[in-house]
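# Structure at a glance
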Amino acid sequence: MSAPVTGGSAHSTTESPIGTLTLVTDGDALTGLYMESHRHAPDPQSWGPSRAPAESAPVVRAAISQLSAYFRGELTHFDLALAPSGTPFQKQVWEQLLRIPYGETASYGELAALLGNPGASRAVGLANGRNPISIIVPCHRVVGAAGQLTGYGGGLERKQVLLALEQRVAGHSLW
């Protein structure tokens, strides 16, 4: 058995209640978490070699463990090194996503206002859709202005499952 990856890009997969998840790392931090048929996933060839979870970087093993706890309803906050690649504006939006409390939602307009640009809800939506670290950076918690479910890179069915899980665990209704 080879030693775990500690540097360089690589990816591993894990099964979840919403299908196979692909976790991508630069060796030190998580750089991607993609679902099957993920709308804006980069070319898989950019993910580096495939590693079995046991042979992956420590951050990937930690992410798999934390995701398992999340799906069991035992974890409401991820604690992982993250290094998403994006524009400065996208990174600002993704940082705001991390501030949406577990079991709650925010609208695109609310996020735009928090960023100091209330007219930028469309730009916030585009940045949200390009989030490379799904679930952990909770883009599924963003809804339309009237609270309706709107687009999700992993599909609306998965968004519904994630929100319903958080609703059940948090003990309150999202809609």
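On a predicted model such as this, the values are computed, not experimentally measured, just so you know.

Here we take up the pairing of strand β3 (residues 30–35). In terms of burial, β3 is largely enclosed, as six of its six residues are buried. With five bridges joining them, strand β2 (residues 19–25) and β3 adopt antiparallel strand pairing. Bridging from a neighbouring strand, Leu 21 pairs with Met 35 of β3. If you look at the hairpin formed by β2 and β3, you'll find four residues sitting between the two strands, and Gly 27 has a positive phi there, around 105 degrees.

This paragraph deals with the pattern of salt bridges. This structure, assessed with the given rule, holds four salt bridges. Between Glu 74 and Arg 72 there is a salt bridge whose closest N-O contact spans 2.9 Å. The salt bridge partner of Glu 166 is Arg 141, with a shortest N-O separation of 2.8 Å. With Glu 166 in helix α5 (residues 156–170) and Arg 141 in the loop between α4 (121–129) and β5 (142–143), this pair connects stretches of sequence that are 25 residues apart. For Arg 141, a relative accessible area of 6% puts it in the buried group.

Now for α5. The end-to-end C-alpha distance of α5 is 21 Å, a good match for the 21 Å that 15 residues give at a rise of 1.5 Å each. Buried within α5 are the following residues: Arg 158, Lys 159, Leu 162, Leu 163, Leu 165 and Glu 166. Mapping the buried residues of α5 onto a view down its axis gives an arc of 155 degrees, with all of them on the same face. In α5, the exposed positions angled more than 90 degrees off the buried face are occupied by Glu 157 and Arg 168.

Attention now goes to unusual backbone geometry. Glycine aside, a negative phi is what most residues show, and trans is what most peptide bonds show. One non-glycine residue, Ile 135, adopts positive backbone phi at about 70 degrees. Along the chain, Ile 135 turns up in the loop between α4 and β5.

This part covers the pairing of strand β1 (residues 10–16). For β1, the tally of buried residues reaches five of seven residues, placing the bulk of the element in the interior. Here β1 runs beside β2; their pairing, made up of seven bridges, is antiparallel. Paired with Glu 15 across the bridge in β2 is Thr 20. Hairpin connection of β1 to β2: two residues between the antiparallel strands.

A few words now on α4. Buried within α4 are the following residues: Val 124, Ala 127 and Asn 128. The buried residues of α4 occupy an angular sector of 100 degrees when the element is viewed end-on, so they sit on one face. For α4, exposure combined with an orientation more than 90 degrees from the buried face picks out Arg 122 and Leu 126. Considering only its buried residues, α4 is in contact with α2 (88–97), α3 (108–114) and β5.

The next point concerns the packing of aromatic side chains. Enumeration over the complete set of coordinates arrives at four aromatic pairs. Ring geometry for Tyr 34 against Trp 47: centres 5.5 Å apart, planes inclined by 10 degrees, an arrangement best described as stacked. Taken as a pair, Tyr 34 in strand β3 and Trp 47 in the loop between β3 and α1 (58–71) lie far apart in primary sequence, 13 residues in all. Each member of the pair, Tyr 34 as well as Trp 47, is classed as buried. Ring centres 5.4 Å apart and planes at 35 degrees place the aromatic pair Tyr 70 and Phe 78 in the tilted group. Taking the relative accessible area as the measure of exposure, Tyr 70 reaches 1% and is therefore buried. In textbook terms, an aromatic cluster arises when at least three aromatic residues are bridged by ring pairs, as seen for Tyr 70, Phe 71, Phe 78 and Tyr 102.

Conventions we followed
- Residues numbered from 1 in each chain as written.
- Predicted model: local features only at pLDDT ≥ 70, side-chain atom pairs only at ≥ 80, totals over all residues.
- Heavy atoms only, no water.
- Buried < 20%, exposed > 50% of the residue type's maximum accessible area, 1.4 Å probe, protein only.
- Helix = DSSP H or I, 4+ residues; strand = E, 2+ residues; numbered from the N terminus.
- Pairing = 2+ DSSP bridges.
- Salt bridge = Lys/Arg side-chain N within 4 Å of Asp/Glu carboxyl O.
- Expected span 1.5 Å × (residues − 1).
- Arc of directions from axis to C-beta.
- Contact = heavy atoms within 4.5 Å.
- Phe/Tyr/Trp six-rings, centres within 6.5 Å; stacked < 30°, edge-to-face > 60°.

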